[in-house]
Amino acid sequence: MRESKGLSIDDIAERSGLSRQQIESIETDENLPSLGPLIKVARALGVRLGTFLDDQDELGPVVTHASDRQVQEAAISFSNDASEARRNMVYHALARQKAGRHMEPFVIDIQPSEKNDYHLSAHEGEEFIYVLSGDVEVVYGRQAYRLTAGDSIFYDSIVEHHVHGVEGKAAQILAVVYIPF
């Protein structure tokens with residue numbers, strides 16, 4: 001996509017604020033990009049985030065059956081550059097076929113982890129998290145919010161944040177991310 005727009009890696013690095021090395025690792029699939037850098041690359045290229053998440057041509061409603069969702073994992077995370085943070089989260093995209101969308105809905109399986117070394121991230125937009133099962137902690141700025149099944153949180157993504165399971169426990173959340181274009 002970069003080449004089709006006549007842009008160099010340095011052009012994208014400058015426009016996105018990411019390093020040349022980050023852009024190269026994304027292009028070579030060496031490192032799965034997380035949501036923050038992916039949003040910056042989309043902006044630098046002048047495309048919607050959905051362009052990288054398997055946009056299709058469906059203009060009407062999109063139905064995703066639970067059985068289909070199990071095989072539709074997205075290769076992103078809510079943490080900026082922490083590839084380690086993605087090991088405990090499995091993303092199931094819920095609207096991959098919807099063209100022209102401005103929201104990205106996911107069901108996310110958070111697997112148990114004893115580690116507590118998450119990295120905060122910030123990006124444009126808003127996020128809505130609804131806990132389907134288990135216990136989740138959302139760090140937002142200097143506050144930490146513990147949520148259990150049935151709880152939800154809606155926040156501006158520009159504030160540094162991180163979503164993770166409570167130590168040693170699995171959880172599942174519904175996450176809807178809105179990124180303005």
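Bear in mind that the values here come from a model prediction, so they are computed numbers and not experimental data. What you see as residue numbers is a count from 1 along each chain, following the sequence as written. Side-chain atom pairs in this predicted model are given and counted only at pLDDT of 80 or more, local residue features only at pLDDT of at least 70, and totals for whole chains, interfaces and linings cover all residues. The basis for every side-chain value is the complete set of heavy atoms in the structure, and neither hydrogens nor water enter the calculation.

Below, the discussion takes up the pairing of strand β6 (residues 152-156). Whether a residue is buried, partly exposed or exposed follows from its accessible area with a 1.4 Å probe, protein chains only, as a fraction of its type maximum: under 20%, in between, or over 50%, in that order. Under the scheme used here, helices are H or I runs from DSSP no shorter than 4 residues and strands are E runs no shorter than 2 residues, and both carry numbers assigned from the N terminus. The two faces of β6 differ: Ile 153 and Tyr 155 on one face are buried, but Ser 152, Phe 154 and Asp 156 on the other face are not. Sheet analysis places strand β4 (residues 126-140) next to β6, joined by five bridges and oriented antiparallel. Within β6, the residue paired with Tyr 130 across the bridge is Ser 152. Any two strands with at least two DSSP-identified bridges between them are counted as paired.

It is worth spelling out helix α1 (residues 9-16) at this point. Turning to α1, its buried residues number three or more, namely Ile 9, Ile 12, Ala 13 and Ser 16. In an axial view of α1, the angular spread of the buried residues amounts to 100 degrees, which keeps them on one side of the axis. Counted as exposed and oriented over 90 degrees from the buried face of α1: Glu 14 and Arg 15. In this description, contact between two residues means that some pair of their heavy atoms is separated by no more than 4.5 Å. Buried residues along α1 sit against α2 (20-27) and α3 (35-45). Regarding the arc, it is the one traced by the directions from the helix axis to the C-beta atoms.

Before going further, it helps to spend a moment on the pattern of salt bridges. Whenever Lys or Arg places a side-chain nitrogen within 4 Å of a carboxyl oxygen from Asp or Glu, that contact is recorded as a salt bridge. Tallied over the entire structure, the rule returns seven salt bridges. As a salt-bridge pair, Arg 2 and Glu 27 come within 2.5 Å of each other at their nearest N and O atoms. Residue Arg 2 is located in the segment before α1, and its partner Glu 27 is located in helix α2; the two are separated by 25 residues in the primary sequence. The buried category is assigned to Arg 2, whose relative accessible area is 12%. With its nearest N and O atoms 2.9 Å apart, the salt bridge here joins Arg 20 to Asp 10. Here Arg 20, found in helix α2, pairs with Asp 10, found in helix α1; they are ten residues apart in sequence, far enough to count as distant. Owing to a relative accessible area of 44%, Asp 10 belongs among the partly exposed residues under this scheme. A single network of salt bridges, built from pairs that share partners, joins Arg 2, Glu 3 and Glu 27.

As a per-residue measure, pLDDT reflects the predictor's confidence and takes values from 0 up to 100. Here the protein shows a mean pLDDT of 79. Residues at 70 or above account for 76%. pLDDT under 50 marks residues 79-86. Its contacts with residues more than four places away, or in other chains, come to 27 contacts.

The nonpolar core is taken to be a set of buried Ala, Val, Leu, Ile, Met, Phe, Trp, Tyr and Cys residues, with the residues joined through side-chain atoms within 4.5 Å. By size, the foremost hydrophobic cluster in this structure holds 18 residues, and its most contacted members are Ile 108, Val 136 and Ile 173. Listing elements by their share of this core, those giving two or more residues are β2 (89-93), β3 (103-110), β4, β6 and β8 (171-178). For this core, the leading source of residues is β4, giving five residues. Leu 7, Ile 12, Ala 44 and Leu 45 belong to the second largest nonpolar core, which has eleven residues in total.

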